[in-house]
Amino acid sequence: MDAVIFILIYIHFVTIIISFSGNIFIVSVNLLDFYKNRRLPISDQLILGFSVFSLLYGLNEGYILIIDLTQFYSSEYFNIEKHFFMYVNSCTLWFPSLLSLHFCLKIVNINNRFYVGLQRRFPTLFPWVIIASPIGYFFLGLYSVLWRERECLQNTTSQNLSAEESTRCSWSLFIFTITCVLCTFFCSVSALTIASSLLKHMRRVQQNTEGSRSPNMDSHIRAIKTIGTLLATNILIFISVSILVLDKTAVPWRYLLGILISFCHILSSYFLIKGTKKLDKTLAEILNMFSWIRGNNQ
């Protein structure tokens, strides 16, 4: 194996392990909180959903890297893996997008009938939207793997496909693209709406003695940082996954893009932890405890 490829695989493994630490922390804290209180706020449900699928992405990538090292795969394996890869990444984009929309509806008030109605009805969608969305997308992908794509694989070359067959055979990629576009749209609209609200709020408190330390402004700033990061990582993951799915030849780029996606997961989990008071407080307590233990041992 080429030394460059081996180094890229090693770096990819390291980024996957780093992403595990943050997402396992998020999952553990939220599960313990649910066990203790028998309920979980909507924002925590969405963050938990993102972390679970981020962990699944890491496990899947680790498995792919092992397969690449052993070079034991087939065309049918590649087809199934492609769909699972798109499925996991779509879910890791979907949950942060819903979280961005939730932040926007929660902290920004707009005197509009549609917006007010959405604010009232959005909480009633949970937890069913969290359960239905991944399951529905999973069965769409399973249907594609077991029937449509298998029919497409029976053709000797892609050139033998008619225009209608080509569209039918690429429908799963089309669904993935539509999902990513919707995710980017939700994040973009939410980020712009919160930013606009933040600017208006800053003008109102310019003469206030609290200034930028206003609790409302702090929540706005924290939300815009989190949503801005989620928007940037969503776009990067969308572009990277699209290239990986469409291009099967550029091996070094495949590992580089995989590293980029893992880094996006690390960045997203970090800002989700810092943007959530419960997670940030728990992390600070754990770090203080380790610091105290280390000080006593010395």
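Remember, predicted model here, so these are calculated numbers, not experimental data.

Here we look at the overall build of the chain
At step 1: When its secondary structure is counted, the chain shows ten helices and zero strands.
At step 2: Listing the helices and strands of the chain from first to last along the sequence gives α-α-α-α-α-α-α-α-α-α.
At step 3: Out of the 298 residues belonging to the chain, those deemed buried represent 45%.
At step 4: Excluding contacts between residues fewer than 6 apart, the proportion of contacts in the chain whose partners are at least 24 apart in sequence is 79%.
At step 5: Surface accessibility of the chain: about 17,200 Å² in total, with carbon and sulfur atoms responsible for 66%.

Some thoughts on the confidence of the model for the chain
At step 1: In this model, the chain carries an average pLDDT of 78, and 78% of its residues clear a pLDDT of 70 or more.
At step 2: Highest mean pLDDT in the chain belongs to helix H1 (residues 3–37) (90); lowest belongs to helix H6 (residues 163–169) (46).
At step 3: Counting interchain partners and residues more than four positions distant, the pLDDT-below-50 stretch residues 156–167 has four contacts.

A look at the packing of aromatic side chains
At step 1: Considering all chains together, one arrives at seven aromatic pairs under this definition.
At step 2: Considering the side-chain rings of Trp 94 and Phe 186, the 6.2 Å spacing of their centres and the 50° angle between planes classify their relative orientation as tilted. Of this pair, Trp 94 sits in helix H3 (residues 75–107) while Phe 186 sits in helix H7 (residues 171–204), placing them 92 residues apart in sequence.
At step 3: Judged by relative accessible area, which is 22%, Phe 186 ranks as partly exposed.

Observations concerning the UniProt feature "transmembrane region" (unreviewed entry) in the chain
At step 1: In this numbering, the UniProt entry assigns the feature "transmembrane region" (unreviewed entry) to residues 6–34, 46–66, 86–105, 125–146, 171–194, 223–246 and 252–273.
At step 2: Overall, residues 6–34 shows 100% helix and 0% strand. The separation of its end C-alpha atoms is 42 Å.
At step 3: For residues 46–66, the helix share is 100%, the strand share is 0%, and the end-to-end C-alpha distance is 30 Å.

Some details on a nonpolar patch on the surface
At step 1: A cluster of nonpolar side chains, contributed by Phe 6, Ile 7, Tyr 10, Ile 11, Val 14, Ile 18 and Leu 69, occupies part of the molecular surface with about 650 Å² of accessible area.
At step 2: By secondary structure assignment, the location of Ile 11 is in helix H1.

Description of the pattern of salt bridges
At step 1: Counted under the stated rule, the structure contains three salt bridges.
At step 2: For Asp 33, the salt bridge goes to Lys 278, with nearest N and O atoms at 3.0 Å. In this pair, Asp 33 sits in helix H1 while Lys 278 sits in helix H10 (residues 277–297), placing the two residues 245 residues apart along the sequence.
At step 3: On the basis of relative accessibility, which here comes to 17%, the residue Asp 33 falls in the buried class.
At step 4: Asp 280 is the salt-bridge partner of Lys 274, the closest N and O atoms lying 3.0 Å from each other.
At step 5: A cluster of three or more residues bridged by salt bridges with shared partners is formed by Asp 33, Asp 44 and Lys 278.

Here we look at H1
Each turn of an α-helix holds 3.6 residues, which means side chains three or four residues apart point in the same direction.
At step 1: Here H1 contains 35 residues, and its C-alpha end-to-end distance of 51 Å stays within 8% of the 51 Å for a straight helix at 1.5 Å per residue.
At step 2: Positive phi appears at Arg 38, one or two residues downstream of H1, with a value of about 60°.

Quick notes on the rules
- Residues numbered from 1 in each chain as written.
- Predicted model: local features only at pLDDT ≥ 70, side-chain atom pairs only at ≥ 80, totals over all residues.
- Heavy atoms only, no water.
- Helix = DSSP H or I, 4+ residues; strand = E, 2+ residues; numbered from the N terminus.
- Buried < 20%, exposed > 50% of the residue type's maximum accessible area, 1.4 Å probe, protein only.
- Contact = heavy atoms within 4.5 Å.
- Areas by Shrake-Rupley, 256 points an atom, 1.4 Å probe, with all protein chains shown as cover.
- pLDDT = per-residue confidence, 0-100.
- Phe/Tyr/Trp six-rings, centres within 6.5 Å; stacked < 30°, edge-to-face > 60°.
- UniProt positions renumbered as here; feature names shortened; annotations may be inferred.
- Patch = residues over 30% accessible without salt bridge, like charges linked within 9 Å, V, L, I, M, F, W, Y side chains within 5 Å.
- Salt bridge = Lys/Arg side-chain N within 4 Å of Asp/Glu carboxyl O.
- Expected span 1.5 Å × (residues − 1).

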